[in-house]
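Structural description and commentary
Now for the letters of each chain:
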Amino acid sequence: GAGVSQSPRYKVAKRGQDVALRCDPISGHVSLFWYQQALGQGPEFLTYFQNEAQLDKSGLPSDRFFAERPEGSVSTLKIQRTQQEDSAVYLCASSLSRLAGYNEQFFGPGTRLTVL
Amino acid sequence: KQEVTQIPAALSVPEGENLVLNCSFTDSAIYNLQWFRQDPGKGLTSLLLIQSSQREQTSGRLNASLDKSSGRSTLYIAASQPGDSATYLCAVLYNFNKFYFGSGTKLNVKP
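Residues numbered from 1 in each chain as written. Chains lettered and ligands numbered in written order. Predicted model: local features only at pLDDT ≥ 70, side-chain atom pairs only at ≥ 80, totals over all residues. Heavy atoms only, no water.

Moving on, we come to the pattern of salt bridges. Applying the stated criterion across every chain, the model contains six salt bridges over all chains. Put simply, D56(A) and K98(B) hold a salt bridge, and the shortest N to O gap is 3.6 Å. Of this pair, D56(A) sits in strand β6 (residues 53–56) while K98(B) sits in the loop between β9 (86–93) and β10 (99–101), placing the two residues on different chains. Taking relative accessible area as the criterion, D56(A) reaches 12% and is therefore assigned buried. Close ionic contact of D39(B) with R37(B) constitutes a salt bridge, the shortest N to O distance being 3.0 Å. Given the relative accessible area of 21%, D39(B) is considered partly exposed. The class for R37(B) is buried, based on a relative accessible area of 17%. (Salt bridge = Lys/Arg side-chain N within 4 Å of Asp/Glu carboxyl O. Helix = DSSP H or I, 4+ residues; strand = E, 2+ residues; numbered from the N terminus. Buried < 20%, exposed > 50% of the residue type's maximum accessible area, 1.4 Å probe, protein only.)

Below, the discussion takes up unusual backbone geometry. With an omega of -10°, the peptide bond between S7(A) and P8(A) qualifies as cis. By the element assignment, P8(A) lies in the loop between β1 (5–7) and β2 (10–13). Here the residue pair I7(B) and P8(B) is connected by a cis peptide bond, since its omega of -5° sits within 30 degrees of zero. Following the sequence through the fold, P8(B) ends up in the loop between β1 (4–7) and β2 (10–14). The phi angle at R81(A) is positive, at roughly 45°, despite the residue not being glycine. As for its position among the elements, R81(A) is in the loop between β8 (75–79) and β9 (88–95). If you check the backbone angles, A79(B) has positive phi at about 45° while not being a glycine. Looking at the element boundaries, A79(B) is found in the loop between β8 (72–77) and β9.

Let's shift gears to the interface of chain B and chain A. Where interface size is given, it is often the accessible area lost as the parts come together that is meant. Listed as interface residues are 21 residues of chain B and, on the opposing side, 25 residues of chain A. Its largest share of buried area at the contact with chain A, chain B owes to F96(B), N97(B) and F99(B), together 29% of the area lost on that side. One can count one salt bridge joining chain B with chain A. At the level of secondary structure, the elements contributing two or more residues to the side of chain B that touches chain A comprise β4 (32–38), β5 (44–51), β9 and β10 of chain B. Considering only residue class, the side of chain B that touches chain A consists of eight nonpolar, 10 polar and three charged. (Contact = heavy atoms within 4.5 Å. Buried area = accessible area lost by both parts, 1.4 Å probe. Nonpolar A, V, L, I, M, F, W, Y, C, P; charged D, E, K, R; others polar.)

Right, let's talk about the sheet that holds strand β3 (residues 19–25) of chain B for a bit. Residue and element names in this part refer to chain B. An order of β1-β3-β8-β7-β6 is seen for the five strands of this open sheet, with the pairing classed as antiparallel. Bordering the open sheet on either side are β1 and β6 (56–59), each of which pairs with just one other strand. Taken over all neighbouring pairs, the strand axes of this sheet differ in orientation by 15° on average, direction set aside. As paired elements, β1 and β3 share four bridges and run antiparallel to each other. Counterpart to V4 in the pairing with β3 is F25. (Pairing = 2+ DSSP bridges. Axes fitted to C-alpha atoms, helices over the stretch in contact; angles between N-to-C directions.)

Right, let's talk about the state of the cysteines for a bit. All names here are of chain A. Overall, the coordinates contain two disulfides over all chains when judged by the stated rule. Across the disulfide from C23 sits C92; the S-S distance is 1.8 Å. Negative torsions about the S-S bond denote left-handed disulfides, and the value of about -65° found for C23 with C92 makes this one left-handed. Remark: C92 occurs in strand β9 and C23 occurs in strand β3 (residues 19–24); sequence separation between them is 69 residues. Comparing C23 with C92, the two get one shared label, buried. (Disulfide = S-S within 2.5 Å.)

So, about the sheet that holds strand β7 (residues 65–68) of chain A. Residue and element names in this part refer to chain A. Across the sheet, four strands lie side by side as β1-β3-β8-β7; this open sheet has antiparallel pairing. A strand with exactly one partner marks an edge of an open sheet, and here the two such strands are β1 and β7. Put simply, the sheet's adjacent strands are angled 15° from each other on average, direction ignored.

Spatial relationships are all this shows, so hold off on functional conclusions.
Spelled out as structure tokens, the structure:
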């Protein structure tokens, strides 16, 4: 595809439900990132993959958050037992190089999660 | 936690003005700094990437500078246009994969 895509674009969940957010990076991109963006704030790092390996998950806010990229392409961010504070836009980005800072990041449009 | 601060938080200017957006960071040991644009309801679009060894980058009407020693970067927009209205974010890379973002400057260019 031409860019990073994410689905769904909008998700409304009742508190306590599990949700799964999908990211399709640009084909061939080695690095993949997930960010959480609260209203009026900049994105905050959640986790980083290099191919299928999750090399950094230090930004995941709790053990209810889980991310995977089993074949080194599509990635899924799963949130279990959603809470109201999980409401945010979840952004995915990919980068060509394994050296994430060497190439620019390309961002998807995000998934806006609202937990009621 | 690394801190990235952007000033001002919001800016409104008439069309045609030149303007400067500011970004400051607490730790000068950065790998690179990237400026992004975010339009409402959309993802981020990369504008300029400055490696730690560089002092500035230019693209069209945009010029970004980097002063690592003082922990500052500026984004200069020349001859602003209404289409430049968006939120501008700077992001700093401190290790090989972790970016820290500022909260952004919301720019409104009035026709």
